[in-house]
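Per-entry structural report
Now for the letters of each chain:
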Amino acid sequence: MGSSDEKNAVDVIKLNPVSYVAAVEMSTVSFERMRLENRSAVLNVIRKYGPLSRTEIVGRTGLTLTAVSKIVSELQRSGLICDAGAANPNGGRKARLLRINSAARVAVGVNVGYSRICTVLTDLDGRILARHACVNRGLGSPQGVLDYVADTVHGLLAENGVSRDKIIAVGVGIPGLVDTRRGISVFSPNLNWHQVPVGEYLESRLGLPVIVDNDVRAATLGERWHGAGKGLRTLVGLFVGTGIGAGLVIDGKLHYGATESAGEIGHTVVVPGGPICSCGNRGCLEAVASGRAIADRAKVAVAAGAPGGEELLQIAGGRLENLTAEHVALAARQGNVLGRQLMEETGRFLGIGVSILCNVINPEAVVLGGGVSRSSDLFLGAVQDALETHTLEGRGRGVKVLVSQLGADAGPVGAATLVLQKMFSAEGLAQEAAGQG
Ligand SMILES: [Zn+2]
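Residues numbered from 1 in each chain as written. Predicted model: local features only at pLDDT ≥ 70, side-chain atom pairs only at ≥ 80, totals over all residues. Heavy atoms only, no water.

**Description of the nonpolar core**
Operational definition: Buried Ala, Val, Leu, Ile, Met, Phe, Trp, Tyr and Cys residues form a nonpolar core when they are joined through side-chain atoms within 4.5 Å. Each residue's exposure class comes from its accessible area (1.4 Å probe, protein chains only) as a fraction of the maximum for that residue type: buried when under 20%, exposed when over 50%, partly exposed otherwise. Here a helix means four or more residues in a row that DSSP labels H or I, a strand means two or more in a row labelled E, and each is numbered from the N terminus. Only heavy atoms enter the contact rule, under which two residues are in contact if any of them lie within 4.5 Å.
One finds Leu238, Ile244, Leu285, Leu312, Met343 and Leu350 to be the most contacted residues of the largest nonpolar core, which totals 44 residues. Counting residues per element, this core draws most heavily on helix 12 (residues 337-361), which supplies nine residues. Leu285 has contacts with Ile244, Ile265, Gly266, Thr268, Val270, Ser290, Phe349, Leu350 and Gly353, leaving out every residue within four places of it along the chain. Listed in part, the 40 residues of the second largest apolar core include Ile71, Leu98, Ala365 and Leu420.

Right, here's the structure in full:
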């Protein structure tokens, strides 16, 4: 494609001197683009594999030593990378190592969940510098929630003495469908949000750039950069909490799909005609295996007088309406027969979801996250059995089922990682350069 474009450009030059100018501008643009792509490539190999020497960067990027040395000098001047000592202090020529200067900038990550809002500040390595969490109740309308988020971000930055010029941007993860280009929460069944202009509103309140994405996609990116999925090229993050969603990483990149709704596995029907779901359909995976659904199934079983029900009710403090998924997990751990049965059933349902994803994506691993994954020891076996039964030739057997390493921080750290991903890209580096100039 590139060569035919060049040919077209040459034809245009012959025909029209005005277009000649355009062609020269275009080649300047593509040269600038290439320069930024190369800077991004160097920065990303240092991020992933650093500390590295200049020669090692050459080996990993395929750029010449001259090009690498020039880019390294530029990146050192901008403060994004720094010296990490000598490669081989005990002999030979002492090549200098380079690493990301993690303290150079700060990313803000916000996860707006149904039950909790969590905000973090991270450095360039995704390490949490400060954290704030609160219960998402009584905040009222979407505006009430977003005002609260803006106040929290202002507060965290002030408390930690972070100067504005150090902040790259604010990443926000929201459940449900998100228009990432316009920063809009299109539809969030769990939050009951429709067409909320999250990005625009927060940018006006904070005076900072805001990146908005689906919460599960952000959390999957977080696990891939800083958690259980580190270094994997093809990966599924399945997050089971109030809702259920999957983030897909294919060939090293987050997959969005044609209308940015890829990964909505929670709304795949696994029990036709089953319980009603937050989306309005019946028998969705989310309606039988989410935290809320586990509690609902438990209530039905207890009310129907299932064996072990009385004991489970006692663990929940004797009140059926207070029974939660945590009580079910706790009961299962104590050997309660109903608790164990409910958790295994949850594993079978989740196993169907996981095997669908594995049949379609063929990932190296599935990372289980979200609140329910804290009890994954109680249902991991059932998930693995389902993977074996429901994948072609039992191919799912080779898929590693991992548990989230970031845990409750996956959402906010993932949202901050959206910011880091942008900053380490050619586009982000162009904005960075414009900001400094
Ligand atoms: Zn649904």
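**Here we look at the coordination of the zinc ion**
What counts is decided by this rule: The donor set comprises N, O and S atoms within 2.8 Å of the metal, extended to 3.2 Å for Na, K and Ca; water molecules are omitted, so apparent gaps in a site may simply reflect that omission. Here a site with four donors is tetrahedral if all angles are between 85 and 135 degrees, and a site with four or six donors is square planar or octahedral if opposite donors are over 155 degrees apart and the other angles are between 65 and 115; anything else gets the irregular label.
Every protein donor of the zinc ion is listed here as His267 (ND1), Cys277 (SG), Cys279 (SG) and Cys284 (SG), and their distances to the metal cover 2.0 to 2.4 Å. Every donor counted, the four donor atoms about the zinc ion form angles of 104 to 125° at the centre, which fits tetrahedral coordination. When the donor residues of the zinc ion are listed from N- to C-terminus, their spacing reads H-x9-C-x1-C-x4-C. A relative accessible area of 0% places Cys284 in the buried class.

**Digging into the side chain of Asn44**
What counts, and what does not: For this analysis, a polar contact is any N or O atom pair within 3.5 Å, provided that within protein one partner can donate a hydrogen and the other can accept it, and provided that sequence-adjacent residues contribute only side-chain to side-chain pairs.
Looking at the element boundaries, Asn44 is found in helix 2 (residues 17-49). Polar side-chain contacts of Asn44 include one of 3.0 Å to the side chain of Arg47. A distance of 3.1 Å separates the side chain of Asn44 from the backbone oxygen of Phe424, its partner in a polar contact. Those residues within four positions of Asn44 in sequence are excluded, and the remaining contacts are Trp225 and Phe424.

**Focus: the pattern of salt bridges**
What counts, and what does not: Throughout this description, the term salt bridge denotes a Lys or Arg side-chain nitrogen within 4 Å of a carboxyl oxygen of Asp or Glu.
Using the criterion set out here, one finds 17 salt bridges in the structure. For Arg35, the salt bridge goes to Glu32, with nearest N and O atoms at 3.2 Å. You can see Arg35 and its partner Glu32 sitting in helix 2, three residues apart, about one turn around the helix. The exposure class of Glu32 is partly exposed, given its relative accessible area of 34%. Salt bridges here are not isolated pairs; linked through shared partners, they connect Glu32, Arg35, Arg39, Lys70 and Glu74.

**Observations regarding the sheet that holds strand 8 (residues 177-179)**
In sheet architecture, strand pairing relies on hydrogen bonds along the backbone and comes in two forms, parallel and antiparallel. How we decide: Here the rule is simple: two strands pair whenever DSSP picks up at least two bridges between them. Note on geometry: axes are lines fitted to C-alpha atoms, helical ones only across the stretch in contact, with angles between N-to-C directions running from 0 to 180 degrees.
Taking strand neighbours across the sheet as the criterion, the three strands line up as 8-9-10 in an open arrangement whose pairing is antiparallel. In this open sheet, the two edge strands, each paired with only one partner strand, are strand 8 and strand 10 (193-196). The sheet shows a mean angle of 20° between the axes of neighbouring strands, direction not considered. Two strands pair when backbone bridges link them, and strand 8 and strand 9 (residues 184-188) are joined in this way by three bridges, in the antiparallel orientation. Considered in strand 9, the bridge of Asp179 is made with Ile184.

**So, the domain arrangement of the chain**
Threshold: Throughout the structure description, domain borders are defined by an automatic or database domain assignment. The buried area of a pairing is the accessible area, by a 1.4 Å probe, that goes missing from both parts when the two are put together, added over both. For this classification, Asp, Glu, Lys and Arg are treated as charged, while Ala, Val, Leu, Ile, Met, Phe, Trp, Tyr, Cys and Pro are nonpolar and the rest, including Gly, are polar.
Taken as a whole, the chain is organised into domain 1 (2-102), domain 2 (105-222 + 423-436) and domain 3 (228-404). Taken residue by residue, the interface counts 13 residues in domain 1 and 13 residues in domain 2. At the boundary of domain 1 with domain 2, total buried surface from both sides reaches about 1100 Å², with 66% on carbon and sulfur atoms. Three residues, Leu36, Leu80 and Ser102, lead the burial of domain 1 against domain 2; their summed loss comes to 44% of the area buried on that side. Summed over the shared surface of domain 1 and domain 2, the result is zero salt bridges. For the interface between domain 1 and domain 2, the tally reads four residue pairs in polar contact (both at pLDDT 80 or more). Broken down by element, the residue count for the side of domain 1 that touches domain 2 peaks at eight residues, all from helix 2. In terms of residue class, the side of domain 1 that touches domain 2 is made up of four nonpolar, five polar and four charged.

**Considering the environment of Thr55**
One can find Thr55 in helix 3 (residues 54-61). Placed 352 residues apart in sequence, Thr55 and Gly407 show a C-alpha to C-alpha distance of 37 Å.

**What to know about helix 14 (residues 410-423)**
Put simply, the rule reads: Expected span of a helix: the number of residues minus one, times 1.5 Å.
For helix 14, built from 14 residues, the straight-helix expectation of 20 Å at 1.5 Å per residue is met to within 8% by its first-to-last C-alpha distance of 19 Å. Counted residue by residue, helix 14 has 12 buried out of 14 residues, so it is predominantly covered. The set of residues buried in helix 14 consists of Ala410, Gly411, Pro412, Val413, Gly414, Ala415, Ala416, Thr417, Leu418, Val419, Leu420 and Met423.

**Focus: helix 13 (residues 380-390)**
Note the threshold: As used here, the arc is the angular range of directions from the helix axis to the C-beta atoms.
All of the buried residues in helix 13 are Leu380, Ala382, Val383, Ala386 and Leu387. Looking straight down helix 13, one finds its buried side chains confined to an arc of 160°; they lie on one side. Projecting away from the buried face of helix 13 at angles above 90 degrees are the exposed residues Asp385 and Thr389. Contacts from the buried residues of helix 13 go to helix 12, strand 15 (365-369) and strand 16 (400-403).

**Thoughts on the environment of Ile294**
You can see Ile294 is positioned in helix 9 (residues 291-303). Each C-alpha atom, one on Ile294 and one on Ile361, is 27 Å from the other, the two residues being 67 residues apart in sequence. In this structure, Ile294 is in contact with Ala289, Ala325, Val328, Met343, Thr346 and Val372, ignoring residues within four places of it in sequence.

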